[in-house]
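A look at the structure
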Amino acid sequence: MAEPISVHKMSGARIPTDVGEFTLCLYHNNLDGKEHLALLVGDVGDAASLRDGAPLLVRVHSECFTGDVLGSLRCDCGPQLAAALRLVAAEGRGVILYLRQEGRGIGLLEKLRAYNLQDVGYDTVDANLLLGHQPDLRDYRVAAEILKDLGITSLRLMTNNPDKIAGLERHGLHVAERVPLQMTAHAENAHYLDTKARRMRHLLQLENPGLNGSTAHHHPVLDTTGDDRSALMPELSAAPPPRPGRPYITLSYAQSLDGSIAARRGEQTFISGPEAGRLTHQLRARHDAILVGIGTVLADDPQLTVRLVRGPDPQPVIVDSRLRFPPWAKLLRGERRPWIATTDAADPARQAALEAAGARVIRLPAVPNGMVDLTALLAYLARRHMRSVMVEGGATVISNFLAAHLADRLVLTIAPMILGGLNAVADLGRLNGRVMPRLVRPQYQTLGKDVILFGDLVWE
Ligand SMILES: Nc1nc2c(ncn2[C@@H]2O[C@H](COP(=O)(O)OP(=O)(O)OP(=O)(O)O)[C@@H](O)[C@H]2O)c(=O)[nH]1
Ligand SMILES: [Zn+2]
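Here the structure is a predicted model, which is why all the values come from computation and not from measurement. (Residues numbered from 1 in each chain as written. Chains lettered and ligands numbered in written order. Predicted model: local features only at pLDDT ≥ 70, side-chain atom pairs only at ≥ 80, totals over all residues. Heavy atoms only, no water.)

**Some remarks on the overall build of the chain**
Regarding its fold elements, the chain presents 16 helices and 18 strands. Relative to its full complement of 460 residues, the chain shows a buried share of 51%. In the chain, once contacts between residues fewer than 6 apart in sequence are set aside, the share between residues at least 24 apart is 66%. For the chain, the accessible area works out to roughly 21100 Å², and carbon and sulfur atoms hold 54% of it. If you average the places of the 51 positive and of the 50 negative side-chain charges in the chain, the two averages end up 4 Å apart. (Helix = DSSP H or I, 4+ residues; strand = E, 2+ residues; numbered from the N terminus. Buried < 20%, exposed > 50% of the residue type's maximum accessible area, 1.4 Å probe, protein only. Contact = heavy atoms within 4.5 Å. Areas by Shrake-Rupley, 256 points an atom, 1.4 Å probe, with all protein chains shown as cover. Lys, Arg positive; Asp, Glu negative; His and termini not counted. Charge placed at Lys NZ, Arg CZ, Asp CG, Glu CD.)

**Side note on the confidence of the model for the chain**
Per-chain confidence: the chain averages 90 in pLDDT, with 92% of residues scoring 70 or above. pLDDT under 50 marks residues 209-230. Its contacts with residues more than four places away, or in other chains, come to 40 contacts. (pLDDT = per-residue confidence, 0-100.)

**A few points about the sheet that holds strand β18 (residues 450-459)**
Strand order in the open sheet made by the 9 strands is β13-β12-β11-β10-β14-β8-β15-β18-β17, with mixed pairing throughout. With one partner strand each, in any of the chains shown, β13 (360-363) and β17 (437-447) form the two edges of the open sheet. Averaged over all neighbouring strand pairs, the angle between strand axes comes to 20°, with direction disregarded. Pairing of strand β12 (residues 339-342) with β13, which is carried by 4 bridges, proceeds in the parallel orientation. Among the inter-strand pairings, A341 is bridged to a residue of β13, identified as I362. (Pairing = 2+ DSSP bridges. Axes fitted to C-alpha atoms, helices over the stretch in contact; angles between N-to-C directions.)

**Here we look at the UniProt feature "binding site: Zn(2+)" (unreviewed entry) in the chain**
In this numbering, the UniProt entry assigns the feature "binding site: Zn(2+)" (unreviewed entry) to C64, C75 and C77. Its place among the elements puts C64 in the loop between β4 (56-62) and α2 (65-69). Among the secondary structure elements, C75 is positioned in the loop between α2 and α3 (77-91). In this view, C75 contacts C64, G67, N189 and Y192; residues no more than four positions away in its chain are not counted. (UniProt positions renumbered as here; feature names shortened; annotations may be inferred.)

**Some remarks on the pairing of strand β15 (residues 409-415)**
Among the 7 residues in β15, 7 count as buried, and that is most of the element. Judged by which residues are buried, β15 turns out to be covered on both faces: R409, V411, T413 and A415 on one side and L410, L412 and I414 on the other are all buried. Pairing geometry for strand β8 (residues 248-256) and β15, over 7 bridges, is parallel. Looking at the pairing, A254 lines up with T413 of β15. By the bridge criterion, 6 bridges tie β15 to β18 in an arrangement that is antiparallel. If you follow I414 over to β18, its bridge partner there is V451.

**A look at the site of ligand 1**
Every one of the 24 residues lining ligand 1 counts as a neighbour, but E63, Q118, R138, T159 and K164 are closest to it. One of the backbone N or O atoms of G103 is found 3.0 Å from an oxygen atom in ligand 1. Expressed as a share of its isolated accessible area of 650 Å², the protein-covered part of ligand 1 is 99%. Residue assignment for the shell around ligand 1 shows that the elements contributing at least two residues are β4, α4 (107-119), α5 (124-130) and α8 (190-199). Looking at the shell around ligand 1, the element that brings in the most residues is α4, giving 3 residues. Of the residues in the shell around ligand 1, the class split is 4 nonpolar, 11 polar and 9 charged. (Near = heavy atom within 4 Å. Polar contact = N/O pair within 3.5 Å; in protein donor to acceptor, adjacent residues only side chain to side chain. Nonpolar A, V, L, I, M, F, W, Y, C, P; charged D, E, K, R; others polar.)

**Topic: the sheet that holds β4**
What holds strands together in a sheet is hydrogen bonding between their backbones, with the strands either parallel or antiparallel. Read across the sheet, 7 strands follow the order β1-β2-β3-β5-β4-β6-β7 without closing on themselves; strand pairing throughout is mixed. Two strands lie at the open edges of the sheet, namely β1 (7-16) and β7 (174-179), each paired on one side alone. Strand-to-strand twist across the sheet, computed as the mean angle between neighbouring axes with direction ignored, equals 25°. Sheet analysis places β4 next to strand β6 (residues 154-158), joined by 3 bridges and oriented parallel. Residue L56 lies in a different strand from β6, and its bridge partner there is L155. Running at roughly 160° to β4, α3 makes contact with β2 (21-29), β3 (36-41), β4, β5 (94-99) and β6 of the sheet.

**Side note on the pattern of salt bridges**
This structure, assessed with the given rule, holds 25 salt bridges. Across the pair K330 and E110 runs a salt bridge whose closest N-O atoms are separated by 3.3 Å. Here the residue K330 occupies a position in the loop between β11 (315-319) and β12, and E110 occupies one in helix α4, the gap between them amounting to 220 residues. Looking at E110, the relative accessible area reads 7%, which means it is buried. When the shortest N-O distance is used, the salt bridge between R199 and D123 registers 2.9 Å. (Salt bridge = Lys/Arg side-chain N within 4 Å of Asp/Glu carboxyl O.)

**Topic: helix α13 (residues 348-356)**
The residue sitting at the N-terminus of α13 and contributing the capping side-chain oxygen is D347; that oxygen lies 3.0 Å from the backbone nitrogen of A349. A positive backbone phi angle near 110° is found at G358, which sits one or two residues after α13.

Okay, here's the thing in structure tokens:
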């Protein structure tokens, strides 16, 4: 049975501020090992509340470095925290819990990734889902224990989030009243607040009725419960045709107008919008395997699964000639364990560690530049009944497949931006003896703000 939660007040100190004086207490707990904080004003126990005739005013605030410290305009956290401090100080009694639940529990790194997804059109809920997280990872067990430790069982809670109220009540607290804590919306956070109201049931009175109209196209793209709403282009919806000798290869990636796939090598850059993201997942579901290079694993820590639509996950295959595959990769925690194609240059100890973590390491011959021999890899995949492979990137892998004349079809997402960054294709002329691949029977379609260009590749 799980150990009961215990919290322990480590130390407290007087913190004078512009709005009043607080006692800041640091709590230890045995559940998440984080340093949660409590800011106290006055006598906070239930007994004092009874005397006063009103339950204590409490804010349970989730850490937001960007909003609380930097004053980021992307959210409303900073002003909420400031308002809560003011209200508690004005009452002369109250508590602000500062919970170390950055990014609704996903942490700052993943929140920054989620912000980049939001900058290309995903909303805050879909961005979490796309990164493989629940929309909200928080629970309020430790918060409830800290409040009980302070002698509080009944309170007035400053929040707009009904889940927060339910979360505290589930752990034995009585929320006698909700005190709204709504801040003014502005251009930078209006869509975020609108999403919180629509998709996370936050109790917000949004003033701008036009906003709902303007966000109507942001339908929940990850709502996979219904039918596919954006029908896949018919040419792409069938499983790729069988091909003698090796798996059928679809090269599929997103680039800017100038052919960049990232701002810089090694830097994750979100280029395409949610509609094209959905197409990518639909394509993944129609291939037996999905292949990326180690650079993509190191830069993006991808899962390579099908999440934006319903469908089977392809087998992840990583090309990693020197076996740099990191032990922290999300791919090692997925349902389909990754196959890592490497060469004799790989360190046997690393191979053993990755195999112990569930990966399959495949040693293959190298070509003169030290890279994995792709023809040998494809023969290996064909023997394992992989009839189709979707190659997603990055630049080295795309270039190597093109240089080896190993691609049957190109599905290119072109985003309407100029990035001036890392080019998708490098040095191809020199590598392949100047026989250029050509796209035949090309077709295109706009999808959201992006253009999808696709067709068959031939070298003639
Ligand atoms: N994952 C993720 N977290 C975010 C994003 N924007 C803000 N956050 C985090 O959300 C948390 C605050 O949650 P909110 O939804 O703003 O508010 P709440 O705490 O649920 O509800 P209130 O009590 O009404 O403030 C903080 O931990 C922020 O870091 C985002 O786009 N993605
Ligand atoms: Zn915030």
